[in-house]
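Below, each chain spelled out in residue letters.
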There are 2 protein chains.
Amino acid sequence: MTEHTVTSYGEELRNLVRRISEMGGQAERMVAQSVQALINSDWGLAQSVVADDVLLDAAQRELDERAILVIGKRQPMAVDLREIVGAIRISNDLERIGDLAKNIAKRVIAVSEHSQPIQLVRGIEHMAELALDQLKDVLDAYADRDPARAESVRSNDEAIDAMYTSIFRELLTYMMEDPRNITPCTHLLFSAKNIERIGDHATNIAETIYYIRTGEQMPAERPKGDRTPSLTAPRPAVAGAGADATAGE
Amino acid sequence: MTEHTVTSYGEELRNLVRRISEMGGQAERMVAQSVQALINSDWGLAQSVVADDVLLDAAQRELDERAILVIGKRQPMAVDLREIVGAIRISNDLERIGDLAKNIAKRVIAVSEHSQPIQLVRGIEHMAELALDQLKDVLDAYADRDPARAESVRSNDEAIDAMYTSIFRELLTYMMEDPRNITPCTHLLFSAKNIERIGDHATNIAETIYYIRTGEQMPAERPKGDRTPSLTAPRPAVAGAGADATAGE
């Protein structure tokens with residue numbers, strides 16, 4: 001027996017918001033698990049992250065479709081329209097976060113063949129914790145439609161960028177010490193870059209929340225702390241003086 | 001003397017499409033110039049790419065705003081709605097392409113301190129030509145709303161991914177040969193990755209064009225040729241046997 005259910009406009013909007021929250025939870029889980037898999041050389045866990053990404057991609061396409069149907073059917077104005085457009089944007093950022101987590105997971109094998117020095121591993125773990133905190137905070141800010149909280153997520157992104165710059169230098173130094181480190185460190189470098197980009201997507205979501213609430217953009221210039229594109233070679237370490245790289249800044 | 005101009009709905013739609021074409025032209029120019037700057041160590045050209053990115057970001061925000069206003073004001077249905085949503089998505093991809101070009105441009109200094117072997121440079125140039133062709137083709141496909149052409153852009157993405165995989169291996173091998181190559185090669189690696197991602201965004205645009213025309217998604221699974229996440233270390237070159245890396249595939 002089938003019933004034709006008439007969904008109200010309010011229900012359709014709440015449905016979109018609920019789907020965003022579910023996608024947010026999936027993205028958080030994928031980020032946490034991909035980094036755990038990388039640190040623990042856990043290929044089984046890595047594979048489950050890769051599989052989960054397929055579901056997140058499908059969820060994003062479905063949300064897109066539903067949002068467009070709601071726009072076509074209900075012809076929303078003002079804040080409702082911003083909610084729906086905001087949901088489309090946020091689901092796009094969450095889908096990309098999932099892709100980045102998947103990309104990290106795929107590198108597990110190439111990294112796991114070599115053991116990594118403890119400070120590199122701790123550095124990447126710490127950076128991932130910062131990025132995950134940002135993701136959680138911004139999803140809470142979305143639940144509350146809180147523009148102040150969204151603004152603070154955006155300003156916290158600098159800390160992730162600073163950590164990335166420092167990990168980038170450490171990895172270069174480590175690669176220069178021994179050619180056998182180059183391949184696994186290259187994968188760690190890409191993984192660290194992916195985590196930095198996850199942080200950027202959390203910031204995108206923060207800007208969308210601000211837009212939903214206020215109808216305006218956060219100011220155009222957001223502080224961009226990734227200075228690694230201009231980093232030149234670290235000077236070779238003087239024995240006993242530590243490997244801290246300072247050249248090129 | 002001011003005149004109040006009434007814009008027709010048709011004009012508003014054409015306006016959005018025109019802005020996409022302009023953004024497309026800017027993105028093409030930025031990609032071409034960033035790679036030229038990288039290959040020729042042209043810091044002046046690199047700086048102009050960085051400056052252009054600010055304009056492209058502003059153009060994307062403005063298109064977003066206008067598109068949302070049109071939706072609110074005209075309450076479009078069906079294909080008009082897909083056109084507007086499609087314009088929002090495409091402008092997003094073009095803005096990201098601009099960011100990737102800017103990121104390549106910023107690496108010019110770090111790369112230019114060392115001369116690169118000719119085959120690495122040719123490899124990256126060639127990959128960039130493929131990506132630029134894709135971008136031009138997809139912008140033409142958009143102008144004609146041609147779904148068949150969009151589909152062929154998507155299947156051509158494989159060639160870019162294959163080139164990226166091969167450049168990745170070459171760069172790893174080159175880094176292992178001499179620690180002084182590591183820093184500039186790391187920047188070339190990120191640049192090559194950025195070019196590969198520019199190709200991916202061209203493919204996203206192709207999928208959006210298909211959606212605008214048909215109302216449907218291209219099939220979910222698109223061929224993903226980037227196998228580099230699982231690449232392990234190339235075996236050291238045997239003297240005279242060439243440096244071709246095969247381990248880990």
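What you see is a predicted model; the values in this text were computed from it and never measured.

*Asks:* How should the overall build of chain A be read in this particular structure?
*Replies:* A count of helical and extended segments in chain A gives 7 helices and 0 strands. Counting helices and strands in the order they occur from the N terminus, chain A gives α-α-α-α-α-α-α. Scored against the burial criterion, the 249 residues of chain A give a buried share of 55%. Sequence-distant contacts, at least 24 apart, represent 81% of the contacts inside chain A between residues at least 6 apart. Per element, the accessible surface of chain A, about 10,700 Å² overall, is 51% carbon and sulfur.

*Asks:* For this particular structure, what's the right way to read the relation of the copies chain A and chain B?
*Replies:* A rotation about some axis, followed by a shift along it, carries one copy of the chain onto the other. Expressed as a screw transformation, the operator carrying chain A onto chain B has a rotation angle of 180° and an axial translation of 0.0 Å, and the superposed copies differ by an RMSD of 0.0 Å. What we have between these two chains is a two-fold relation. Within chain A, the C-alpha atom positioned nearest to the axis of rotation is that of glutamine 75 of chain A, 2.7 Å from it. Interface residue correspondence from chain A to chain B reaches 100%, placing this contact among same-surface, isologous pairings.

*Asks:* Honestly, the nonpolar core in this entry has me stumped. Any pointers?
*Replies:* Where a protein is soluble and globular, its nonpolar side chains tend to be buried together. One finds Leu94 and Val138 of chain A together with Leu94 and Val138 of chain B to be the most contacted residues of the largest nonpolar core, which totals 145 residues. Here valine 138 of chain B is in contact with Val153, Ala202, Ile205, Ala206 and Ile209 of chain B, once residues within four sequence places are set aside.

*Asks:* Before we go on, may I ask you to explain the pattern of salt bridges in this structure?
*Replies:* It is possible for side chains of opposite charge to pair when their charged atoms get near one another. In this structure the tally under the stated criterion is 34 salt bridges over all chains. For glutamate 62 of chain B, the salt bridge goes to arginine 19 of chain B, with nearest N and O atoms at 3.5 Å. With glutamate 62 of chain B in helix H2 (residues 43–74) and arginine 19 of chain B in helix H1 (residues 9–40), this residue pair connects regions lying 43 residues apart in the sequence. When its relative accessible area of 18% is taken as the criterion, arginine 19 of chain B is described as buried. One salt bridge connects glutamate 196 of chain B with lysine 193 of chain B, and the closest N-O pair in it is separated by 2.9 Å. Residue glutamate 196 of chain B and its partner lysine 193 of chain B are both found in helix H7 (residues 182–214); the two are separated by 3 residues, about one turn of the helix. Shared partners join several salt bridges into a network, and the residues in it are Glu12, Lys73 and Arg74 of chain A.

*Asks:* Explanation requested: the packing of aromatic side chains in the structure shown.
*Replies:* Geometrically, a pair of aromatic rings is defined through the distance of the ring centres and the angle of the planes. By the definition in use, this model includes 5 aromatic pairs over all chains. Measuring from centroid to centroid gives 5.1 Å for phenylalanine 190 of chain A and phenylalanine 190 of chain B, while their planes differ by 50°, and the two rings are tilted. Within this pair, whereas phenylalanine 190 of chain A is found in helix H7 (residues 182–214), its partner phenylalanine 190 of chain B is found in helix H7, the two belonging to separate chains. Residue classification places phenylalanine 190 of chain A among the buried residues on the basis of a relative accessible area of 4%. Among the aromatic residues, ring-to-ring pairing joins Tyr164, Phe168 and Phe190 of chain A together with Tyr164, Phe168 and Phe190 of chain B into one connected group. Here the basic side chain of arginine 89 of chain A rests over the ring of tyrosine 211 of chain A, its NZ or CZ set 5.0 Å away from the ring centre. Arginine 145 of chain A extends its terminal NZ or CZ atom over the ring of tyrosine 142 of chain A, reaching a point 4.1 Å from the ring centre.

*Asks:* Would you mind showing me how to read helix H6 (residues 147–177) of chain A here?
*Replies:* An α-helical segment advances 3.6 residues per turn. Residues three or four places apart therefore align on the same side. In this model, H6 of chain A (31 residues) spans 47 Å end to end at C-alpha, consistent with the 45 Å of a helix rising 1.5 Å per residue. Measuring from the side-chain oxygen of the N-cap residue of H6 of chain A to the backbone nitrogen of alanine 148 of chain A gives 3.1 Å; that N-cap residue is aspartate 146 of chain A.

*Asks:* What's the story with the packing of helix H3 (residues 78–106) of chain A against helix H3 (residues 78–106) of chain B in this structure? I'm lost.
*Replies:* If you want to describe how two helices pack, look at the angle between their axes and the distance between the axes. Where H3 of chain A contacts H3 of chain B, the two axes come as close as 13 Å, and the packing angle between them is 45°. Judged by the angle between their axes, H3 of chain A and H3 of chain B are oblique. In this structure, H3 of chain A crosses over H3 of chain B, and the sense of that crossing is right-handed. Listed contacts from H3 of chain B to Asn92, Asp93 and Arg96 of chain A of H3 of chain A are Asn92, Asp93 and Arg96 of chain B.

*Asks:* Which parts of the structure should I look at to understand the side chain of threonine 186 of chain A?
*Replies:* Tracing the chain through its elements places threonine 186 of chain A in helix H7. In this structure the side chain of threonine 186 of chain A is engaged in a polar contact, spanning 2.7 Å, whose partner is the backbone oxygen of isoleucine 182 of chain A. Setting aside its immediate chain neighbours within four residues, threonine 186 of chain A contacts Met175 of chain A together with Phe168, Leu172, Met175 and Leu189 of chain B.

*Asks:* Just to check I follow, could you spell out the packing of H2 of chain B against H3 of chain B for this structure?
*Replies:* All names here are of chain B. H3 packs onto H2 with a crossing angle of 165° between their chain directions and a minimal axis gap of 9 Å. When the axes of H2 and H3 are compared, the pair comes out roughly antiparallel. By crossing handedness, the relation of H2 to H3 is classed as left-handed. When grouped by side-chain class, the residues that make up the contact of H2 with H3 number 16 nonpolar, 4 polar and 7 charged.

*Asks:* Teacher, can you tell me more about the interface of chain A and chain B here?
*Replies:* Reports often express the size of an interface as the amount of accessible area lost when the parts come together. Taken together, the contacts link 46 residues of chain A with 46 residues of chain B. Both sides together, the interface formed by chain A and chain B hides about 4,100 Å², and carbon and sulfur atoms give 61% of it. Put simply, aspartate 64 of chain A and arginine 89 of chain B hold a salt bridge, and the shortest N to O gap is 2.1 Å. For the pair chain A and chain B, the interface holds 6 residue pairs in polar contact (both at pLDDT 80 or more).

Analysis parameters
Residues numbered from 1 in each chain as written. Chains lettered and ligands numbered in written order. Predicted model: local features only at pLDDT ≥ 70, side-chain atom pairs only at ≥ 80, totals over all residues. Heavy atoms only, no water. Helix = DSSP H or I, 4+ residues; strand = E, 2+ residues; numbered from the N terminus. Buried < 20%, exposed > 50% of the residue type's maximum accessible area, 1.4 Å probe, protein only. Contact = heavy atoms within 4.5 Å. Areas by Shrake-Rupley, 256 points an atom, 1.4 Å probe, with all protein chains shown as cover. Least-squares fit on C-alpha atoms with pLDDT ≥ 70 in both. Core = buried A, V, L, I, M, F, W, Y, C linked by side-chain atoms within 4.5 Å. Salt bridge = Lys/Arg side-chain N within 4 Å of Asp/Glu carboxyl O. Phe/Tyr/Trp six-rings, centres within 6.5 Å; stacked < 30°, edge-to-face > 60°. Lys NZ or Arg CZ within 6 Å of the ring centre and 35° of its normal. Expected span 1.5 Å × (residues − 1). Polar contact = N/O pair within 3.5 Å; in protein donor to acceptor, adjacent residues only side chain to side chain. Axes fitted to C-alpha atoms, helices over the stretch in contact; angles between N-to-C directions. Parallel < 35°, antiparallel > 145°, perpendicular 65-115°, else oblique. Left-handed = near helix turned anticlockwise from the far one by under 90°. Nonpolar A, V, L, I, M, F, W, Y, C, P; charged D, E, K, R; others polar. Buried area = accessible area lost by both parts, 1.4 Å probe.

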